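Understanding the architecture of this molecule
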Amino acid sequence: MKRPWKDVSVPLRDGMVHWPGDPECRIQRVNRMEDGAVCNLTHITMSAHTGTHMDAPRHFIADGKTMEQMPLEAVIGRCCVFELDSEDQITADDLKKLRIATGQRVLFKTRNSTRSWAMSEFDKDFISIRADAAQYLVDLKVMTVGVDYLSIGGYGKDVVETHQIMLGAGIWVIEGLNLAEIASGYYDMISLPIKLEGADGAPCRVVLR
Ligand SMILES: [Zn+2]
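All values derive from a computational prediction rather than experimental measurement.

Residue position: A180 is located in the loop between β8 (172–175) and β9 (185–193). As for A180 and D148, which are separated by 32 residues in sequence, their C-alpha atoms are 9.0 Å apart. Other than its neighbours up to four places away in sequence, A180 contacts K109, S113 and T114.

Written out as structure tokens, the structure is:
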């Protein structure tokens, strides 16, 4: 029996939550058929890091790779979802218990999937990857890391350091997943960011099976 694909991306909506200080997400219909226009047409303005999106190394590394240079291998293939019950940040000790194989694509499911995405405001207390855990993932040479809220690093914590460590090592990062419906285990993953030339990030659609 073929298992169905599950969409683990969040819907992009006008006015949706975003990283504090980043541009608002604006999605507005500028041509309306109900007003006599020949077609409907939507105008969007937002940061490249809105909703479910990827970070390219260029986000924190001045000469790092940009979105269109991403190898498709980083985002298409087998991945492992690990569920963590962390109440604060994910630490290297937390990750050591998981026995993550080297070179993998890994996604971390935390309480963010149910708690943070249910909030109407940005959740400053979302579960993030502490810098020592970021270094552990680099040492494991993981290819791709996905998290279930808007940043790998914590707000007001080590957001810069965690990004520098992981993006500096060339890890491709998926942020803003919602893994509420996903159990731990192995999945086929397709995560396709739009091909924004020269960009430090790009919105993407992510599905698991
Ligand atoms: Zn980002």
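Picking up where we left off.
With that settled, the discussion passes to the coordination of the zinc ion. In this structure, H49 (ND1), H53 (NE2), D55 (OD) and E175 (OE) serve as the protein donors to the zinc ion, at separations of 2.0 to 2.3 Å. Considering all 4 donor atoms around the zinc ion, angles at the metal cover 76 to 171° and the coordination shape is irregular. Going along the chain, you hit the donors of the zinc ion in the pattern H-x3-H-x1-D-x119-E. You can call H49 buried: its relative accessible area is 12%.

This next bit is on the packing of helix α2 (residues 131–139) against helix α3 (residues 159–168). Two elements in contact, α2 and α3, have axes separated by 9 Å at closest approach and are oriented at 5°. Taken as axis vectors, α2 and α3 run roughly parallel relative to one another. Of the residues in α3, those touching α2 at A131, A134, Q135, L137 and V138 are E161, T162, I165 and M166. Its residues assigned to classes, the contact of α2 with α3 shows 6 nonpolar, 2 polar and 1 charged.

Membership of the largest hydrophobic core comes to 27 residues, with the highest contact counts inside it found for L95, I100, F108, I129, L137, V145 and M166. Residue assignment for this core shows that the elements contributing at least two residues are β5 (76–83), α1 (92–96), β6 (105–109), α2, β7 (144–147) and α3. Take this core: its biggest share by element is 6 residues, from α2. Every residue in contact with I100, bar those within four places of it in the chain, is listed here: F82, L95, V106, F108, L137, L140 and V142.

What follows deals with the packing of aromatic side chains. Taken as a whole, this structure holds 9 aromatic pairs when the rule is applied. Put simply, the rings of W19, W117, F122, F126, Y149 and Y155 pair up and form one aromatic cluster.

Enumeration according to the criterion identifies 0 disulfides in this entry. Unpaired in this structure, C204 has its nearest cysteine sulfur neighbour in C79, at a distance of 13 Å.

Glancing now at a nonpolar patch on the surface. On the surface, a cluster of nonpolar side chains totalling about 270 Å² of accessible area is made up of L72, I76 and L192. Summarising the element assignment, L192 is placed in strand β9. Accessibility expressed as a relative area gives 42% for L192, which makes it partly exposed.

Residue position: D158 is located in the loop between β7 and α3. In this structure, D158 is buried with no salt-bridge partner, the nearest side chain bearing the opposite charge being R130 at 5.7 Å. In contact with D158, not counting residues within four places along its chain, are Q89, I129, R130, A131 and G153.

Under the defined criterion, the tally for this structure stands at 12 salt bridges. Between R26 and E24 there is a salt bridge whose closest N-O contact spans 3.4 Å. Relative accessible area serves as the criterion here: at 31%, R26 is assigned to the partly exposed category. Close ionic contact of D188 with R209 constitutes a salt bridge, the shortest N to O distance being 3.4 Å. Residue D188 is located in strand β9, and its partner R209 is located in the segment after β10 (201–208); the two are separated by 21 residues in the primary sequence. Judged by its relative accessible area of 30%, D188 falls in the partly exposed class.

Rules used throughout
Residues numbered from 1 in each chain as written. Predicted model: local features only at pLDDT ≥ 70, side-chain atom pairs only at ≥ 80, totals over all residues. Heavy atoms only, no water. Helix = DSSP H or I, 4+ residues; strand = E, 2+ residues; numbered from the N terminus. Contact = heavy atoms within 4.5 Å. Donors = N, O, S within 2.8 Å, 3.2 Å for Na, K, Ca; no water. Tetrahedral: all angles 85-135°; square planar, octahedral: opposite > 155°, others 65-115°. Buried < 20%, exposed > 50% of the residue type's maximum accessible area, 1.4 Å probe, protein only. Axes fitted to C-alpha atoms, helices over the stretch in contact; angles between N-to-C directions. Parallel < 35°, antiparallel > 145°, perpendicular 65-115°, else oblique. Nonpolar A, V, L, I, M, F, W, Y, C, P; charged D, E, K, R; others polar. Core = buried A, V, L, I, M, F, W, Y, C linked by side-chain atoms within 4.5 Å. Phe/Tyr/Trp six-rings, centres within 6.5 Å; stacked < 30°, edge-to-face > 60°. Disulfide = S-S within 2.5 Å. Patch = residues over 30% accessible without salt bridge, like charges linked within 9 Å, V, L, I, M, F, W, Y side chains within 5 Å. Areas by Shrake-Rupley, 256 points an atom, 1.4 Å probe, with all protein chains shown as cover. Salt bridge = Lys/Arg side-chain N within 4 Å of Asp/Glu carboxyl O. Lys, Arg positive; Asp, Glu negative; His and termini not counted.

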